[in-house]
Every structure is written in C-alpha cells, then in structure tokens.
Amino acid sequence: MPRKSEYAKPTRSQKKKSDAKKSAAPSGKAEPSTVASSTRPWSNQEIAALLDRIGDILSILGENRFKIIAYQRAADVIEHSSRGVQDIWAGDPANLRAIDGVGEAIAEKLDELFRTGKMSYYEKIRAQVPEGLVELLAIPGVGPKTVAKFWKEFNITTLDELKHALEDPEKNLPGIGEKTIENLKQGIGTIGLHTTRVWLAVAFYFAQELMQELHQAAGASIQKISTGGSLRRMRPTIGDIDLLAVSNKPQTVIDAFVKLPQVREVLAKGDTKASIVAHNGMQADLRVLEPKNWGTALQYFTGSKEHNIRVRDIALKKGLSLSEWSYTRIKSGKEIFCETEEQVYAMLGMDWMPPELREASGEIEAALKHTLPKLIRFEDLKGDLQCHSKWSDGSATIREMAEGARARGLKYIAITDHSQGLGVARGLDPKRTREQWKEIDALNSAYDGAFRVLKSVEVEIHADGSLDLPDDLLAGYDIVLATTHSALNQSREKITARVLKAMHHPLVDIFGHPTGQLIGTREPSALDLEQVYRAAIETGTILEIDGTSERMDLTDVNARRAVELGCKLVIDSDAHNPDGFDDLHWGIAMARRGWITKKDVLNTLEWDELRKRLKRNL
DNA sequence: GCCGTTTTCGGCCCGACTGTTTTCAGTCG
Ligand SMILES: Nc1nc2c(ncn2[C@H]2C[C@H](O)[C@@H](COP(=O)(O)OP(=O)(O)OP(=O)(O)O)O2)c(=O)[nH]1
Ligand SMILES: [Mg+2]
Ligand SMILES: [Mg+2]
Ligand SMILES: [Zn+2]
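### Topic: the pairing of strand S12 (residues 412–415)
Reasoning step 1: The side-chain alternation of S12 yields two buried faces, one formed by Tyr 412 and Ala 414 and the other by Ile 413 and Ile 415.
Reasoning step 2: With three bridges joining them, strand S11 (residues 383–387) and S12 adopt parallel strand pairing. Each bridged residue has a counterpart across the sheet, and for Cys 387 the counterpart in S12 is Ile 415.
Reasoning step 3: A crossover connection joins S11 to the parallel S12 through helix H19 (residues 398–407); in handedness this β-α-β unit is right-handed.
Reasoning step 4: Where S12 meets strand S13 (residues 452–455), four bridges bridge the pair, whose relative direction is parallel. Opposite Ala 414, over in S13, you have Leu 454 as the bridge partner.

Dropping the structure here:
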C-alpha cells in the first residue's frame, strides 16, 4: 500500500511556474503515483503534472532534449485545454491524437493510465531516479545537468543531503567553484520566498509601480517602456513582470533598475537585460534596446514562448532567421530591422495579432489567412449585470454604485445582492427585497432615463438544484443571476445535475461564475462544462465571465469553447464597491483571450435590447 | 516524442548571462 502522500495531487515543478495554481500543494513532496487500485477521473491539471514530471525525470536521466520538450509541450497544451482530456479520450487512444503535441506514444500511455489507473512507463523511469532529485530542480540556477552531477558524482539525492554537503563544500563537493557554492546556498535559501504565480491584477499594479519608480530614477534615459510577457497577453495569472525599454543609455537604465527600492535580490545583470526579485517575492525582468529593435524585441518579449517558436519556424522556411534583434537573411547574412510589431508580422504575410491571442492556439493560421477576429473592447460594454451594495455584502449604497458605473461609461447596472439562504453576506429576505426595489424605483425616477438600475439578485442554487427564492419573487426582478457557493465539492454527476436543473428554470437568466474557482485557493468544481454549454444553448441561459481577479470565471479557454458552441455571454465585475467596476477590464481580457467579439456578449447591448433577449421575456 | 503543400525520416527558435570549461556548457527567458 503506497503512502498516503503518494495519492496527493501531482503538482507541476515550482520553477517553471506553470499557472496550475498559486498555492499548489508543496512541490516535490507529493510525488505523483499512477499505481491506483481502480480507475478514476484525471483532471487536465493532474495529467499535465504527470507529463511534466516525466520530462523532469528524463532530463535528469540525460535523455534526448527534444523528447523532453515533447513531454513538456504536451503537458502545456493539456493544461490549457478547454476540454477534459479524459473526455476527449472516451475510451479510444486514437481520439487523443487530435490534441496538439500528443502523438502515438503519449496517446498510448494516457490510454493505459485512463484504463488501469497506472502508467507503466512512468513507474519504470521513476524507479531509475531517486525520489528527492526532482525537487532539486526547483533551486534557481540548478538544472538537470547539475542535478545529475550531484547524484552521480557526489551521491546527493535529496535537498537535505545537498544542504548538509554545502556545510563543508571542499570535502563534499570537490571541483565545484566558490561562486557556484554561494549561489547554491543563496538559491536554497530563497526557495519558498519567491512567489509562484499571482493574479493578473496584482501583477498589473506592481508593474505600474515599477515603471513609475524606474521613470523617476532614470526617466531621462528612457524613450519608451512597455510591459511584455504574460502580463501584456493578460493571462489570468502571471509568473513574473516582464518589462521592455528603449534607451540611448541602456547601462544607466539597467543600473537604476537593479537599485530600485523594491529590489531584494539581483538574479542577473548584463548589458541588455537584468532580472530581480522584489521584496514581495515577484520576479521582474527588464530588457533594454535601441529604437530600431523595438518591433522584433516587443514581439519576442511578449511571447508566448510557443507562439515565438512557431513564428520563428515559419520565418526559417522563408529563409529568414528571427531574433529579438532583427530578421537575418540566412543566405546573405543581411539584417532587416523592424521598428514595429506590424512590420515583424507583415514580413511573414501575417496580420498583427493582439497580444491576448498569442498562445499558439490558432492565431498564426488566422493571421496568415487574414481572418483574425475583431475582439471585444471595454468601450463596447453598456452595462454590468453583477454587483453588490450595502444591502448585502457590498460597501457602498446603490446610488454610489450607480455613480461608479456611470463614471466608467456604463448605462445600466444590475444590483445582485445575495439571497438569504446562503447564510452569509447578509442575504436579503423577501421583505427587505421589496424595500430595496422601492429604493431602486426612486433612484431610476431621479435618473430619468440617464442611467438605469436593474432589480436583480444573486440567487443561490441549493445542493439539490432548487433555488433559494420562491418563483413569485423571482418573477418580480428585471433579471436573475444564479450561482453556486455551497457544496462545491459535489461529484461531477451531482453538481452537473444541480446546475442543469437551475438552468432549466424559466426565471434564471444568467448562470454566474460557473466553476466557482478562486485562483490559488479553490479549484474549479467538477462541473461538466460541456453539458452546461449545451444546456445554455437549449434553455437560453446566459453564461457569465466574472471579472473579479480571483475568479476569472469563465476563464479564457472556457469562454472560447462556450462561444464556439453557440453560447451567449455577459461580462460582469462582481463589484462590491464603486472601484470594483474596474474589474470589468479583467473580464474583457478573458473574453479577448477567448477570441470573443462583441456580438456574443449581451451586455454590449442597450438594456432595452438585452431585455428582449432574456428567456423570461421570450 | 512529434510532425509533414518542400519531408513518414530528420529535423526540432534563438540569444543573454554566468562561471572558470581558456572556447563553452548550463540555465534561463
Ligand atoms: N523565442 C523564445 N522566447 C522565449 C522563450 N522563453 C521565453 N520567451 C519570451 C516569450 C515570453 O513571453 C517572454 C517572457 O518569458 P517568461 O518566462 O516571463 O514567460 P511569460 O511571461 O510568457 O509567462 P509567465 O507568466 O512569466 O510564466 O520571453 C524561449 O525559449 N524562446
Ligand atoms: Mg513572464
Ligand atoms: Mg520573465
Ligand atoms: Zn457570487
């Protein structure tokens, strides 16, 4: 019988900062096991962690690097797939080949895993490498070659053994240089101090702070500055802050950067780039270049990595080598500089792609065919259909919320204070609800058409699928949002049946924050989203993108899948105070990352139009 | 291990920074 910890969820290695989750189970300790007595559901997250782990083990074993990359790529694609890989499989390994990066070998291995709960290949290679070695890869600056050296030359197989050896390096680690020893000690000391991934909003505001600070310190030497990386692509979670600047005095800017008051540790510092770790644990990378390099550099630093690799591969086939510095004609060696990203893509016959699309998920093909979508923008939103007031757990009056929304260009909001049964958040009973309606009526009269407050509610869907409020009350609202907060750990069958029952209710207009995820805290529920999408289309229920930074629910790939199947969405802030409406920007980011255009988002309509689209009014 | 309007075999993106390997390997972005 394997130890209990071996059944813990596999987690992807800390150093790679996969956006698996912010506060994942402690890395290294929970070595995934595929030896199960029976079959069970496997989440994409777990499958990705397993493939990643295989990649780690193979790298320590010194396997062919392209084989390792193949496992890592498959892991990446699976982690960000909108559909459950086990669902795609459906009992036939051939179905798995449709997944990018999954070929015959990985398909067969996953087939065995799903059928038997065991993957012999993983068990085999796992037995060849001491268990504690993989976690050594999490030490900054330590990669597979170094780990293999510890193991083969010094018989070190765990972090504790390495720490012990470092107490007397001359004796225990002969041939390792002095600086390397220092870096190892330092690196081990910072394990756990560096953040893994943070919410988009957290990274966004910290990046603003760093850029302002850098501007104060060296503004005269900076001609241009921009974010790059996952932050510019607006991913829901961010591994580090990537900054890019143009300067005629690069060294001045780099020097100023590593001396910013936010800096705790300098990881690297050279002529064109520097990496630091801030006191808050976030890493920040800065690259500094000349104006003539801006286009290629911004394209490079924005990524994603996989997007870059594919773009560079296409360039190669046209006889061009692309780097952050320039294109180079391979035959003549002639350099071609691009000052804008448009030029970089135009060289290859591609339209410019919004950064949000650059995830190697079809955007390159669309750019070549000139069929990129016209993505929704913040300015397209006319209203917000989820926000809270003092009547329940919000901190502002309805009027203050309305003014906050109006200041941001919106024309209507739905006040969705919680229903009572939740027992939390001072939910409204029918009596208080009718009092609230009077206040809303008065406010709307005062606005006299200039703004509209809608009577709404965030009604809890009970564990059995019934709603927390009686139908006669639900009928009195302008629009009703139904959500789940309790019993989110129900089985897939139970929670799906529960949600579908609510979606079939004629007075449920929107199903909000569908998976219930709280990034870094709570995993998405086991809800079968494919069934939810079908039910949404069948019943005319609208699905929500909740833009609160810890929710992002539906998230990018799920929203994309929903709309591809024909669902209609709304993008809401879930604001609890007037500034909370700014979270609509994160919701818009998810929609844009989901390739979504204005026509599929119903709160881009005026209320009079939107009202006609609600199933209660059909 | 994956993949294919130049290939079912032979490629697989490209460069910065670090340390000590005096000409480059390892790690990272
Ligand atoms: N061509 C190429 N570009 C890369 C590679 N690795 C990273 N980049 C580019 C694209 C990335 O978006 C950018 C910043 O790298 P990061 O490691 O910070 O990744 P990114 O910001 O995309 O995700 P993150 O949230 O930080 O994990 O650098 C690579 O191996 N090749
Ligand atoms: Mg980054
Ligand atoms: Mg980075
Ligand atoms: Zn809620």
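### Notes on the coordination of the magnesium ion (ligand 2)
Reasoning step 1: Looking at the metal site, the magnesium ion (ligand 2) is ligated by Asp 240 (OD) and Asp 242 (OD), spaced 1.9 to 2.1 Å from it.
Reasoning step 2: Separating the magnesium ion (ligand 2) from the magnesium ion (ligand 3) is a gap of 3.5 Å, which Asp 240 spans by donating to each of them. Exposure class is identical for Asp 240 and Asp 242. Each is buried.

### With respect to the sheet that holds strand S9 (residues 327–329)
Remark on secondary structure: sheet strands pair via backbone hydrogen bonds, oriented parallel or antiparallel.
Reasoning step 1: Pairing in this open sheet of three strands is antiparallel, and the strands run S8-S9-S10 from one edge to the other. Two strands lie at the open edges of the sheet, namely strand S8 (320–322) and strand S10 (335–336), each paired on one side alone.
Reasoning step 2: Pairing geometry for S8 and S9, over three bridges, is antiparallel. Paired with Leu 322 across the bridge in S9 is Tyr 327.
Reasoning step 3: This element, helix H16 (residues 305–317), spans S8 and S9 of the sheet and lies at about 160° to S8.

### Brief notes about the sheet that holds S11
Reasoning step 1: Overall, parallel pairing links the three strands, which are arranged S11-S12-S13 in an open sheet. In the strand order of this sheet, the two ends are held by S11 and S13, each with one partner. Between one strand and the next, the sheet's axes are offset by a mean angle of 20°, whatever the strand orientation.
Reasoning step 2: Against the sheet, helix H20 (residues 430–447) contacts S12 and S13, and its axis sits at roughly 160° relative to S13.

### Quick word on the site of ligand 1
Reasoning step 1: The environment of ligand 1 is made up of 15 residues, and the closest members are Arg 197, Ser 230, Gly 239, Asp 240 and Asp 242.
Reasoning step 2: At 2.8 Å, a side-chain N or O of Asp 242 approaches an oxygen atom of ligand 1.
Reasoning step 3: A distance of 3.3 Å is found between a nitrogen atom of ligand 1 and a side-chain nitrogen or oxygen belonging to Arg 312.
Reasoning step 4: Coverage of ligand 1 by the protein chains reaches 73% of its 590 Å² of free accessible surface.
Reasoning step 5: For the shell around ligand 1, the elements supplying multiple residues, two or more each, are helix H13 (229–232), strand S4 (240–247), helix H15 (294–302) and H16.
Reasoning step 6: For the shell around ligand 1, a count of residues per class yields three nonpolar, six polar and six charged.
Reasoning step 7: Counting only domains with at least three residues in the shell around ligand 1, you end up with domain 3 (197–289) and domain 4 (294–369).

### A few points about the pattern of salt bridges
Reasoning step 1: One pass over the structure, following the stated rule, counts 39 salt bridges.
Reasoning step 2: Across the pair Asp 556 and Arg 593 runs a salt bridge, and its minimum N-O distance is 2.9 Å. Placement of Asp 556 in helix H24 (residues 556–565) and of Arg 593 in helix H25 (residues 584–593) is noted, with a sequence separation of 37 residues between them. One exposure class covers both Asp 556 and Arg 593, and it is buried.
Reasoning step 3: Of the charged contacts in the structure, one is a salt bridge between Asp 600 and Lys 568, with a shortest N-O distance of 2.9 Å. Of the two residues, Asp 600 sits in the loop between H25 and helix H26 (607–613) while Lys 568 sits in the loop between H24 and strand S18 (569–572), which places them 32 residues apart along the sequence.
Reasoning step 4: Using a relative accessible area of 27% as the deciding quantity, one classes Lys 568 as partly exposed.

Conventions adopted
- Per chain, residues are indexed from 1 in the order of the written sequence.
- Lettering of chains starts at A and numbering of ligands starts at 1, both following the order in which they are written.
- The model is predicted, so local features are restricted to residues of pLDDT at least 70 and side-chain atom pairs to those at 80 or more, both for listing and for counting; the totals for chains, interfaces and linings are taken over all residues.
- To get the side-chain values, take all heavy atoms of the structure and skip hydrogens and water.
- Each residue gets one of three labels from its accessible area relative to the maximum for its type: buried under 20%, exposed over 50%, partly exposed in between, using a 1.4 Å probe on protein chains only.
- Runs of E in the DSSP output that reach at least two residues are strands. Runs of H or I that reach at least four are helices, and both are numbered from the N terminus.
- Two strands pair under a simple rule: DSSP has to find at least two bridges between them.
- Consider the strands pointing away from the viewer: the crossover is right-handed when the path from the first strand over the helix to the second runs clockwise.
- Atoms of type N, O and S within 2.8 Å of a metal are treated as its donors, and for Na, K and Ca the window is 3.2 Å; water is not considered, so some sites may appear to be missing partners.
- Two residues form a contact once any of their heavy atoms are found within 4.5 Å.
- Axis definition: a line fitted to C-alpha atoms, over the contacting stretch in the case of helices. Angles run 0 to 180 degrees between N-to-C directions.
- Here, proximity means that at least one heavy atom of the residue falls within 4 Å of the molecule or strand.
- In protein, a polar contact requires one atom able to donate a hydrogen and another able to accept it; more generally it is a pair of N or O atoms within 3.5 Å, and residues adjacent in sequence count only if both atoms are side-chain atoms.
- Where accessible areas are quoted, they stem from the Shrake-Rupley method and a 1.4 Å probe; at the residue level, only the protein chains shown are allowed to cover.
- All residues other than Ala, Val, Leu, Ile, Met, Phe, Trp, Tyr, Cys, Pro, Asp, Glu, Lys and Arg, Gly among them, are scored as polar; the first ten of these are nonpolar and the last four charged.
- As used throughout, domain bounds are those supplied by an automatic or database domain assignment.
- Any carboxyl oxygen of Asp or Glu that lies within 4 Å of a side-chain nitrogen of Lys or Arg is treated as forming a salt bridge with it.

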